[in-house]
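Remarks on the overall topology
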Amino acid sequence: RKGSVIITGASSGLGLATAKALAETGKWHVIMACRDFLKAERAAKSAGITKENYTVMHLDLASLDSVEQFVDNFRQSGRPLDVLVCNAAVYLPTAREPTYTADGFELSVGTNHLGHFLLSRLLLEDLNKSDYPSKRLIIVGSITGNTNTLAGNVPPKANLGDLRGLAGGLNGLNASAMIDGGSFDGAKAYKDSKVCNMLTMQEFHRRYHEETGITFASLYPGCIATTGLFREHIPLFRLLFPPFQQFITKGFVSEEESGKRLAQVVSDPSLTKSGVYWSWNKDSASFENQLSQEASNADKARKVWELSEKLVGLA
Ligand code: NDP
């Protein structure tokens, strides 16, 4: 049978390119889990994904109710779940004030980390039931959260501190909207959320890999300077960033190429190792990359896991 893969945020950028790359093989049915149903339908059509290879299902990661509703709807569809890809994200680098999810969490960490945390915890059960030979749970990471790299050292740097803001619920009222308890910075909130994504992948691996055989992985797909992720940035940045990445840092990767990379992590028989953060070199060969000290800190991973459980109502 065909593999069945859920990709969050498949209505644009990396998620859409990955959906296309997988659908084109004829071996996958892609469930596009998106907050804007019409946009996702249009995106699938204009990418040329054929009807029998995809289904759009509504998911708003900025609402825990929506996440639960999505899981119910998916179960009712009767489809198996073989691979889950947590890809969606928001990036708000120019925001001066925090904005919040339906449950009152700062929007970047609330969407990118907490929404995905609840989704993947609930769907672990469904992955477990699948009889697919290589089941995988993939959380898209980023180099921006790795302070051991050049790109990860551009200020403001990711830093989760002692997690006091997360412990307080990131609500900007009795607790800071930032994980470390500091004052709001939209670019940092995004980077912090990506560190949480990478810590969560490793904690999943430690808790569940041996017992379930599921492959847990993360990746840095390269700098895809053309995606909607930068839509909130100032116009001059949006103009100069793609050529800067292409000609100066040479980290630039097209949406199509990045989609092929993530599709490899979904389906390539040689990428089954669990607990790994994949990257690609200039010749587009994959390799196991090192994470920064904070993004590989097992004690922090456990604490982020436990605090997140409380916030999303699992503990
Ligand atoms: P895009 O902005 O193009 O895609 C993000 C997707 O997330 C969109 O489909 C968007 O939906 C969706 N999304 C946002 N908020 C929600 C929500 N509340 N519920 C459901 N879906 C939501 O950016 P990219 O393709 O660049 O980003 C994809 C992933 O790649 C992210 O995890 C990002 O961190 C990562 N990444 C990107 C890099 C880059 O250079 N671009 C580099 C490294 C990592 P909608 O279409 O409705 O807006």
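For clarity, every value in this text was computed on a predicted model and none was experimentally measured. (Residues numbered from 1 in each chain as written. Predicted model: local features only at pLDDT ≥ 70, side-chain atom pairs only at ≥ 80, totals over all residues. Heavy atoms only, no water.)

Concerning the confidence of the model for the protein chain
- Scored by pLDDT, the protein chain comes out at a mean of 93, with 98% of its residues at no less than 70.
- The complex model carries a pTM of 0.96, and its ipTM stands at 0.99. (pLDDT = per-residue confidence, 0-100.)

So, the packing of helix α3 (residues 64-77) against helix α4 (residues 107-129)
- Two elements in contact, α3 and α4, have axes whose closest approach is 9 Å; the angle formed by their N-to-C orientations is 25°. In terms of orientation, α3 and α4 fall into the roughly parallel class. Where α3 crosses over α4, the handedness of that crossing is right-handed. Of the residues in α4, those in contact with Leu64, Val67, Glu68, Phe70, Val71, Phe74 and Arg75 of α3 are Gly115, Leu118, Leu119, Leu122, Leu123, Glu125 and Asp126.
- Considered class by class, the residues forming the contact of α3 with α4 number nine nonpolar, one polar and four charged. (Axes fitted to C-alpha atoms, helices over the stretch in contact; angles between N-to-C directions. Helix = DSSP H or I, 4+ residues; strand = E, 2+ residues; numbered from the N terminus. Parallel < 35°, antiparallel > 145°, perpendicular 65-115°, else oblique. Left-handed = near helix turned anticlockwise from the far one by under 90°. Contact = heavy atoms within 4.5 Å. Nonpolar A, V, L, I, M, F, W, Y, C, P; charged D, E, K, R; others polar.)

Some points on the packing of aromatic side chains
- Applying the stated rule across the entire model yields eight aromatic pairs.
- Ring plane angle 90° and centroid distance 5.2 Å describe the contact between Phe117 and Trp305, whose orientation is recorded as edge-to-face. With Phe117 in helix α4 and Trp305 in helix α9 (residues 298-311), this residue pair connects regions lying 188 residues apart in the sequence. Like Phe117, the residue Trp305 is buried in the burial classification.
- Arranged with centres 5.3 Å apart and planes meeting at 10°, the rings of Phe204 and Phe216 form a pair that is stacked. Linking Phe204 in helix α6 (residues 186-212) with Phe216 in strand β6 (residues 215-219), this pair joins segments that are twelve residues apart in sequence.
- Judged by relative accessible area, which is 0%, Phe204 ranks as buried.
- Judged by its relative accessible area of 1%, Phe216 is buried.
- Each residue in the set Phe117, Phe204, Tyr208, Phe216 and Trp305 is aromatic and connected to the rest through ring pairs, giving one cluster. (Phe/Tyr/Trp six-rings, centres within 6.5 Å; stacked < 30°, edge-to-face > 60°. Buried < 20%, exposed > 50% of the residue type's maximum accessible area, 1.4 Å probe, protein only.)

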